[in-house]
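Descriptive analysis of the structure
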Amino acid sequence: NKNLALWVTLRGTRTVVEENGGFLFKGQMELKTLSTMEYALVKELKGFLTRVPNVKYLGESSSEEGSVLSFEIQEPLPLMDILGNIPLVQNVVAQGDNVKLSLN
């Protein structure tokens with residue numbers, strides 16, 4: 001499990017609310033995993049996110065490269081905080097329109 005990472009792609013509206021760059025996000029979010037990631041981890045991430053109010057699970061697609069989980073964030077939410085509170089997640093870093101999650 002060491003040094004596992006996945007990318008989150010955001011398409012929607014961001015509202016900056018904190019000096020440190022924290023923002024509220026509303027729109028589509030895709031979690032992209034590599035095929036080498038255990039499906040149990042993907043399932044755990046999906047389970048956590050589907051329990052967050054105003055986060056709707058849209059579906060999943062898989063290929064040889066990995067899986068893509070799609071979600072709709074229906075109300076502006078502090079997405080970085082939410083992602084950072086997932087028990088599996090060690091670190092959350094925003095990079096442009098993407099967010100990198102490092103897992104423990």
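Data block above holds the structure.
This section reports on the structure supplied with the text.

Moving on, we come to the nonpolar core. Membership of the largest hydrophobic core comes to 31 residues, with the highest contact counts inside it found for Met-29, Leu-31 and Leu-49. For this core, the secondary structure elements donating two or more residues are β1 (4-16), β2 (23-34), α1 (39-50), β4 (66-77), α2 (79-84), β5 (89-95) and β6 (98-103). Contact partners of Leu-31, with chain neighbours within four places excluded, come to Leu-6, Trp-7, Val-8, Leu-45, Leu-49, Ser-67, Val-68, Leu-69 and Phe-71.

Take the pattern of salt bridges next. By the definition in use, this model includes 2 salt bridges. Across the pair Lys-46 and Glu-60 runs a salt bridge, and its minimum N-O distance is 3.9 Å. Here Glu-60 lies in strand β3 (residues 55-62) and Lys-46 lies in helix α1, a separation of 14 residues in the sequence.

Bringing the layout of surface pockets into the picture now. Empty pockets left among the atoms are what a rolling probe the size of a water molecule brings to light. Approximately 220 Å³ is the volume attributed to the largest pocket. The wall of the largest pocket is formed by 15 residues, among which Lys-32, Thr-33, Leu-34, Glu-65 and Gly-66 lie closest to the centre. Of all the secondary-structure elements, those providing two or more residues to the lining of the largest pocket are β1, β2 and β4. No other element matches the 4 residues that β1 contributes to the lining of the largest pocket. Classifying every residue of the lining of the largest pocket by side-chain character gives 7 nonpolar, 6 polar and 2 charged.

Rules used throughout
- Residues numbered from 1 in each chain as written.
- Predicted model: local features only at pLDDT ≥ 70, side-chain atom pairs only at ≥ 80, totals over all residues.
- Heavy atoms only, no water.
- Core = buried A, V, L, I, M, F, W, Y, C linked by side-chain atoms within 4.5 Å.
- Buried < 20%, exposed > 50% of the residue type's maximum accessible area, 1.4 Å probe, protein only.
- Helix = DSSP H or I, 4+ residues; strand = E, 2+ residues; numbered from the N terminus.
- Contact = heavy atoms within 4.5 Å.
- Salt bridge = Lys/Arg side-chain N within 4 Å of Asp/Glu carboxyl O.
- 1 Å grid on protein atoms, 1.4 Å probe; cavity = no way out; pocket = protein on both sides within 12 Å on 5 of 7 lines; lining within 4 Å.
- Points joined across faces, edges and corners; volume = space filled by probe spheres on them.
- Nonpolar A, V, L, I, M, F, W, Y, C, P; charged D, E, K, R; others polar.

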